[in-house]
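Structure at a glance
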Amino acid sequence: MAKAPLSPAAWIDAGLAQLTLSGPLALRAEPLSRHLKTSKGSFYWHFKDVPAFQAALLAQWQDRALAQLGDDAMLDGSDTDKMIRFGQSVQNDTAGPALRAWAQADPSVAKAIATVDAARLKHLTGLMNDIGVRNEDFALAAYGTLVGLKQMRNDDGDALVAFAALVDLVMALK
């Protein structure tokens, strides 16, 4: 039985997974095709070259991250629920730390991260404004906790626990 052809989305999903595991050097046709057990021809069928693939991967990651913010904003719940859900969505972005490391050497990656960070920070600032906390530095510190602890460790639970402690503190200020 013939193997079904891979879609561009399958290549991008594999790229995000391999980026997380091995870093940006894994975002080339050879290692990705080996990982997917297919030919490099399949890669080049969908993408002009490696830079085009990397641009598509970044655009897809950015679109997903921004869509997640929109989805979260549509959900009901208490103010605490909304902030915890925000923290969970940031923690669920498994490619984030690898993208941040890659961004140190690639301005286009840094630009995509800056766009997502700005949207996330705006969303978190809005959540805090909803409970009467107007000092934007609280939102920045809370977001920095999520991002920084995820960079420091692979244990997502620790970062979310620390973020929940900050949410509790913010709620006490309410």
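All figures in this text were calculated on a predicted structure; none of them were measured in a lab. (Residues numbered from 1 in each chain as written. Predicted model: local features only at pLDDT ≥ 70, side-chain atom pairs only at ≥ 80, totals over all residues. Heavy atoms only, no water.)

1. Some words on the packing of helix 4 (residues 50-74) against helix 5 (residues 79-91)
How two helices pack is summed up by the angle between their axes together with the distance between the axes. Following both chains from N to C, one finds helix 4 and helix 5 inclined at 160°, their axes separated by 11 Å at the closest point. By the angle between their directions, the pair helix 4 and helix 5 is classed as roughly antiparallel. Crossing geometry of helix 4 relative to helix 5 is assigned as right-handed. Mapping the contact onto sequence places Q68, L69 and D72 in helix 4 and R85, F86 and S89 in helix 5. Of the residues assigned to the contact of helix 4 with helix 5, the class counts are two nonpolar, two polar and two charged. (Axes fitted to C-alpha atoms, helices over the stretch in contact; angles between N-to-C directions. Helix = DSSP H or I, 4+ residues; strand = E, 2+ residues; numbered from the N terminus. Parallel < 35°, antiparallel > 145°, perpendicular 65-115°, else oblique. Left-handed = near helix turned anticlockwise from the far one by under 90°. Contact = heavy atoms within 4.5 Å. Nonpolar A, V, L, I, M, F, W, Y, C, P; charged D, E, K, R; others polar.)

2. Description of the pattern of salt bridges
Tallying each qualifying case throughout the model produces five salt bridges. Close ionic contact of D13 with R64 constitutes a salt bridge, the shortest N to O distance being 2.5 Å. Of the two residues, D13 sits in helix 1 (residues 8-22) while R64 sits in helix 4, which places them 51 residues apart along the sequence. With a closest N to O distance of 2.5 Å, D117 and R100 form a salt bridge. Of this pair, D117 sits in helix 7 (residues 107-130) while R100 sits in helix 6 (residues 96-103); the two residues are 17 residues apart in sequence, bridging distant segments of the chain. Accessibility classification places D117 together with R100 in one group, the buried group. What you see here is one network of salt bridges that share partners, running through E30, R34 and K40. (Salt bridge = Lys/Arg side-chain N within 4 Å of Asp/Glu carboxyl O. Buried < 20%, exposed > 50% of the residue type's maximum accessible area, 1.4 Å probe, protein only.)

3. Points about the packing of aromatic side chains
For the structure shown, the criterion picks out seven aromatic pairs. The interplanar angle of 80° and the centroid separation of 5.4 Å between the aromatic rings of W11 and F43 together place this pair among those described as edge-to-face. In this pair, W11 is assigned in helix 1 and F43 in helix 3 (residues 40-46), connecting sequence segments 32 residues apart. Judged by its relative accessible area of 0%, W11 falls in the buried class. A ring pair is formed by F86 and Y143, whose centres lie 6.2 Å apart and whose planes are at 45°; its orientation type is tilted. Here F86 is found in helix 5, whereas its partner Y143 is found in helix 8 (residues 136-152), with 57 residues between them in sequence. For the pair F86 and Y143, a shared accessibility class is recorded, and that class is buried. (Phe/Tyr/Trp six-rings, centres within 6.5 Å; stacked < 30°, edge-to-face > 60°.)

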